[in-house]
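# Fold and contact review
Listed below are the residues making up each chain.
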2 protein chains.
Amino acid sequence: MIAHARATSPMYSRRLTKPDGRKLWLYGRAPIAPDIVAPAPEGMTVPPNPHLRWHPLRGEWVTYAGHRQDRTFLPPPDYDPLAPTTDPSSPTEVPAGEWDVAVFENRFPTLHAAAHTPPASYVATLPATGQCEVVVYTQAAQGALGALPLWHVEMVVRVWTERTRALSARNDIEYVMPFENRGVEVGVTLPHPHGQLYGYPFVPPIPARELLIQRRHYERAGRGLVEAIVRDEHREGSRIVHTERHAVAFVPAFARWAYEVWVLPVRACPSLLDLDDLELHDFARTLKVVLMKLDALWDQPMPYVMAVHQAPVDGGKHPEAHLHIEIYPALRMKKRLKYLAGSELGAGAFTADTSPEEKAAELRGIEVRVE
Amino acid sequence: MIAHARATSPMYSRRLTKPDGRKLWLYGRAPIAPDIVAPAPEGMTVPPNPHLRWHPLRGEWVTYAGHRQDRTFLPPPDYDPLAPTTDPSSPTEVPAGEWDVAVFENRFPTLHAAAHTPPASYVATLPATGQCEVVVYTQAAQGALGALPLWHVEMVVRVWTERTRALSARNDIEYVMPFENRGVEVGVTLPHPHGQLYGYPFVPPIPARELLIQRRHYERAGRGLVEAIVRDEHREGSRIVHTERHAVAFVPAFARWAYEVWVLPVRACPSLLDLDDLELHDFARTLKVVLMKLDALWDQPMPYVMAVHQAPVDGGKHPEAHLHIEIYPALRMKKRLKYLAGSELGAGAFTADTSPEEKAAELRGIEVRVE
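Below you will find a few notes about this structure. Just so it is clear, the structure is predicted and the values come from calculations on it, not from any experiment.

### Considering the relation of the copies chain B and chain A
Placing chain B over chain A gives an RMSD of 0.0 Å and needs a rotation angle of 180 degrees, together with 0.0 Å of translation along the axis. Put plainly, the chains are arranged around a two-fold axis. For chain B, the minimum C-alpha distance to the rotation axis belongs to Leu340 of chain B and amounts to 4.5 Å. Mapped onto chain A, 100% of the interface residues of chain B are again interface residues, and the two copies thus contact each other with one and the same surface.

### Points about helix H4 (residues 277-297) of chain B
Residues and elements named next belong to chain B. Given a rise of 1.5 Å per residue, 21 residues ought to cover 30 Å, and the 30 Å separating the end C-alpha atoms of H4 matches this to within 8%. Put simply, Asp276 is the residue that caps the front of H4, since its side-chain oxygen is 3.0 Å from the backbone nitrogen of Leu278. Asp299, located one to two residues past H4, shows a positive phi value of around 55 degrees.

### Quick word on the packing of helix H4 (residues 277-297) of chain A against helix H6 (residues 356-364) of chain A
Residue and element names in this part refer to chain A. Running from N to C, H4 and H6 point in directions that differ by 95 degrees, and their axes come no closer than 9 Å. The angle between the axes of H4 and H6 places the two elements in the roughly perpendicular class. From H4, Lys293, Leu294 and Leu297 reach across to H6, where they touch Glu362, Leu363 and Arg364. By residue class, the composition of the contact of H4 with H6 is three nonpolar, no polar and three charged.

### Quick notes on the pattern of salt bridges
All chains considered together, the criterion is met by 42 salt bridges over all chains. Across the pair Glu233 of chain B and Arg239 of chain B runs a salt bridge, and its minimum N-O distance is 2.9 Å. The pair formed by Glu233 of chain B and Arg239 of chain B is uniform in burial state, with each residue classed as buried. Among the salt bridges present, the one from Arg369 of chain B reaches Glu371 of chain B, with a minimum N-O distance of 3.0 Å. Residue classification places Arg369 of chain B among the exposed positions, given a relative accessible area of 63%. On the basis of relative accessible area, Glu371 of chain B is assigned to the exposed category, the value being 61%. The network of salt bridges with shared partners includes Arg53 of chain A together with Glu233, Glu236, Arg239 and Glu357 of chain B.

### Digging into the interface of chain B and chain A
If you look at the interface, chain B gives 80 residues, while chain A gives 80 residues. There are two salt bridges connecting chain B and chain A. One salt bridge in this structure joins Glu357 of chain B and Arg53 of chain A, with 2.9 Å as the shortest N-O distance. One can count 34 residue pairs in polar contact (both at pLDDT 80 or more) joining chain B with chain A. Classifying every residue of the side of chain B that touches chain A gives 42 nonpolar, 18 polar and 20 charged. Across three bridges, the pairing between strand S4 (residues 60-64) of chain A and strand S19 (residues 350-352) of chain B is parallel. Counted as the bridge partner of Tyr64 of chain A is Ala352 of chain B from S19 of chain B.

### Looking at the nonpolar core
By size, the foremost hydrophobic cluster in this structure holds 156 residues, and its most contacted members are Trp160, Leu287 and Ile327 of chain A together with Trp160, Leu287 and Ile327 of chain B. Apart from the residues within four sequence positions on either side, Leu287 of chain B is in contact with Leu145, Val153, Trp160, Val263, Met306, Ile325 and Ile327 of chain B.

### Notes on the sheet that holds strand S2 (residues 23-28) of chain A
Two strands in a sheet stick together by hydrogen bonds in their backbones, pointing the same way (parallel) or opposite ways (antiparallel). Residue and element names in this part refer to chain A. Ordered by their spatial adjacency, eleven strands build an open sheet running S1-S2-S7-S9-S11-S10-S15-S16-S14-S13-S12, and the pairing between neighbours is antiparallel. Two strands close off the open sheet at either side, each with one partner strand: strand S1 (12-17) and strand S12 (240-243). Pairwise comparison of adjacent strand axes, ignoring direction, gives a mean angle of 20 degrees for this sheet. Pairing of S1 with S2 involves six bridges; the strand directions are antiparallel. The partner of Arg14 across the bridge, within S2, is Leu26. Set on the sheet, helix H2 (residues 205-221) makes contact with strand S10 (175-182), strand S15 (304-309) and strand S16 (324-329); between it and S15 the angle comes to about 50 degrees.

### Describing the sheet that holds strand S19 (residues 350-352) of chain A
Across the sheet, which stays open at both edges, the four strands sit in the order S19(A)-S4(B)-S3(B)-S8(B) with mixed pairing between neighbours. In this open sheet, the two strands that pair with only one neighbour each are S19 of chain A together with strand S8 (125-127) of chain B. Ignoring which end each strand starts from, the neighbouring axes of this sheet average 30 degrees apart. Pairing analysis gives five bridges linking strand S3 (residues 51-55) of chain B to strand S4 (residues 60-64) of chain B, with the strands arranged antiparallel. Across the sheet, Arg53 of chain B pairs through a bridge with Val62 of chain B, a residue of S4 of chain B.

### Some points on a positive patch on the surface
On the surface, Arg209 and Arg216 of chain A together with Arg209 and Arg216 of chain B cluster together into a positively charged patch. Secondary-structure elements contributing two or more residues to the positive patch are H2 of chain A together with helix H2 (205-221) of chain B. Along the chain, the position of Arg209 of chain B falls in helix H2. Judged by relative accessible area, Arg209 of chain B falls into the partly exposed class, the value being 39%.

The rules behind each value
Residues numbered from 1 in each chain as written. Chains lettered and ligands numbered in written order. Predicted model: local features only at pLDDT ≥ 70, side-chain atom pairs only at ≥ 80, totals over all residues. Heavy atoms only, no water. Least-squares fit on C-alpha atoms with pLDDT ≥ 70 in both. Contact = heavy atoms within 4.5 Å. Helix = DSSP H or I, 4+ residues; strand = E, 2+ residues; numbered from the N terminus. Expected span 1.5 Å × (residues − 1). Polar contact = N/O pair within 3.5 Å; in protein donor to acceptor, adjacent residues only side chain to side chain. Axes fitted to C-alpha atoms, helices over the stretch in contact; angles between N-to-C directions. Parallel < 35°, antiparallel > 145°, perpendicular 65-115°, else oblique. Nonpolar A, V, L, I, M, F, W, Y, C, P; charged D, E, K, R; others polar. Salt bridge = Lys/Arg side-chain N within 4 Å of Asp/Glu carboxyl O. Buried < 20%, exposed > 50% of the residue type's maximum accessible area, 1.4 Å probe, protein only. Pairing = 2+ DSSP bridges. Core = buried A, V, L, I, M, F, W, Y, C linked by side-chain atoms within 4.5 Å. Patch = residues over 30% accessible without salt bridge, like charges linked within 9 Å, V, L, I, M, F, W, Y side chains within 5 Å. Areas by Shrake-Rupley, 256 points an atom, 1.4 Å probe, with all protein chains shown as cover. Lys, Arg positive; Asp, Glu negative; His and termini not counted. Charge placed at Lys NZ, Arg CZ, Asp CG, Glu CD.

See the structure below:
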């Protein structure tokens, strides 16, 4: 366990502005060159003006972002907007130069700080303020988050943390969720390893529901609900996928997806901002191990949706919250997608065809090398 | 409007038992022959024993039905288990003979009355009691619900009503939801026009949420929330897709899917059981018109999930409920699927790329002939 105790390596960063006004942040182990310039792809950038409408029966906001309908889908293989710009006549979203992780404001955001004057209707409407960012995991056009070296995965987690911190200062943002959509099965438009990060102007329905239940538990028990789940998963043991001193991964007893895995710090850290260096290291390591296992399972990239759930940044205290990553692999068997259909979409009632214990045992049995 | 006032044609039915013990119900305009015999496909039928586990963070039940993993997927084109049995050596799920609509207990149910002894864990577990039924819309192996003659669509609605009535008498069932998954895009395993019907042992999360909000509104306003929505949609007008005297279809102001359409009676009928003959007729007609418009939009079958939301059958009074069908077409443009990814699945926050007013105008502009 000695290796876990090493000091975290430094992370340098630099904030740039693109020709079209969007912000770009570069992060690296080495200082970012001061003369680096932020590029932007050419073409019309329609000023985004998304709006929210209240769904009165579900009690949730729906976002309308009309301009997104025309966004690029599977661009020609010779153009990767997330690769460093090498030909100035064909600019991408990120510059050449020495950096390891980049973040920029999405060109086709569903939430935007400048949103204004929503249309009027009998349901409440609001400007869809907030922030949509793209997190470029690496300069390499191919690969995977889990396949990056451990220091690099750790840097991605630290970038999520930095962006959470920065967005928490904004009045129009109440919740920050880093996430990744991976694979054509979940509709990704670019193969370049990347994730996203949304700063929502409201606490979205699923975290809101989880937090409400956590708060009730905390007020009753004086301790966190997820802390109890971690303890119970350790005790029962049959669904543990990987453990480090300060982090753990398991297929929860109540998994909705066949290979659903949760990755979380053992201590009840409400958000990324609460992780100390050792916890962040173990958290990143556990995430890497899980992602490697998912890809090793059938020796092919596992399509998934990955969402980071943490405390809201609404100014309140959230001792009830417990940072955790929920990974939803889209396949229930090799080559067999789990479809969301009538029961899931129409009733909200999930059906699993598999047992969490069996799937956890499968993943636990896969050996991976962490470097 | 004279045609709408005609008396509803009679519907005959007969209940049969399959060789493997499952029930089969046949419905028709003509009396069902008394000597008709219920077939069942051959092969092992594992006694189903699904169970529920409580998801403590979302506060909902998840169903585990292990045997389903191996269920038939896209059987060879020469075998249609929903077509009438013509060769006794290759039995299907329904007999030859004169009938129009058939319902049978699903061979691979996720909910089953005989479920028992769930495994123990730190989360609550229960037997996954309830009922899963397949609703065969027609004897024809090809076609669509919307393409059936109006009397036939009306019969399907009446069959939903009859099954809701029958299942409401069971103690292990609290909610009945007829639904249809249509198209390979939403994972249908059989092209034969059919839907399903689940009798849940609990009120599932989405109807539960809708009903809670409706109840609060009803207690405050003394009238239904959906009744108010219907009035407001009529008043604003821009999202109406079709109207009859007693039923209406619109893309709601808060649609989450591009071509989402709701079909509902104008009067606040809590469930299918509350429709009178004229209302049922107009409701079926409106449903047929909407389904025809969706298929005519791009001159191809529109993949969709369709869910019928109604009052629970939990023994309580539900004046707050208002029967409505929610149709979620899977395409947001021709050949472009709407993917549910990080924001939708991880946060519960839906993003629409299109405007409900534009999509409603598109559908409204499509002329269809109802016969």
